[in-house]
Amino acid sequence: MKKIAMIALAALFLAPLTSCRDQKKTEAEEMVEEMQDEGAEVKRKVDGDETKIKMETEDKKVKIKEEDGETKMKVKTDNDN
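Residues numbered from 1 in each chain as written. Predicted model: local features only at pLDDT ≥ 70, side-chain atom pairs only at ≥ 80, totals over all residues. Heavy atoms only, no water.

Looking at an unreviewed UniProt entry, the protein chain carries the name YtxH domain-containing protein, with the source organism given as Marixanthomonas ophiurae.

Quick look at the overall build of the protein chain now. Each helix and strand counted, the protein chain has two helices and four strands in total. Overall, the protein chain shows an N-to-C arrangement of helices and strands of α-α-β-β-β-β. When burial is assessed residue by residue, the protein chain has 16% of its 81 residues classed as buried. Accessible surface, the protein chain: about 7,400 Å² in total, of which carbon and sulfur atoms supply 50%. (Helix = DSSP H or I, 4+ residues; strand = E, 2+ residues; numbered from the N terminus. Buried < 20%, exposed > 50% of the residue type's maximum accessible area, 1.4 Å probe, protein only. Areas by Shrake-Rupley, 256 points an atom, 1.4 Å probe, with all protein chains shown as cover.)

Let us now look at the pattern of salt bridges. Counted under the stated rule, the structure contains four salt bridges. Linking Glu50 and Lys65 is a salt bridge whose minimum nitrogen-to-oxygen distance equals 3.8 Å. Taken together, the residues span a long stretch of sequence, with Glu50 in strand β2 (residues 50-56) and Lys65 in strand β3 (residues 60-67) at a distance of 15 residues. Given the relative accessible area of 33%, Lys65 is considered partly exposed. Through salt bridges that share partners, Glu50, Lys52 and Lys65 make up one connected network. (Salt bridge = Lys/Arg side-chain N within 4 Å of Asp/Glu carboxyl O.)

Turning our attention to the pairing of strand β4 (residues 70-77). Judged from the eight bridges that link them, β3 and β4 form a sheet pairing that is antiparallel. When the sheet's bridge partners are listed, Ile64 is paired in β4 with Met73. Here β3 folds back onto β4, and the loop between the two strands holds two residues, one of which, Asp68, carries a positive phi near 55°. (Pairing = 2+ DSSP bridges.)

Considering only enclosed or pocket space, the largest pocket measures out at about 230 Å³ in volume. In terms of lining, the largest pocket is formed by Lys43, Arg44, Lys45, Lys52, Ile53, Lys54, Lys63, Ile64, Lys65, Lys72, Met73 and Lys74. Those elements that provide at least two residues to the lining of the largest pocket are β1 (41-47), β2, β3 and β4. Classifying every residue of the lining of the largest pocket by side-chain character gives three nonpolar, no polar and nine charged. (1 Å grid on protein atoms, 1.4 Å probe; cavity = no way out; pocket = protein on both sides within 12 Å on 5 of 7 lines; lining within 4 Å. Points joined across faces, edges and corners; volume = space filled by probe spheres on them. Nonpolar A, V, L, I, M, F, W, Y, C, P; charged D, E, K, R; others polar.)

What follows is the structure, encoded as structure tokens:
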């Protein structure tokens, strides 16, 4: 009986530690959020296992291509000085 109580008590303390994982965002996800915050127009195209995301603001253009678990990102900034 004492063992069961100890196991239950240990499970009670360990459950919150394992269920609250820190989920990190990928660089591409962070870029999408940043561009949406800046008011960018986001276009997403999915073709099989390939995903293309195009985002554009007045000063910045971003293209993200995800294929076979590989992500490529191009960022172009207009510097009109």
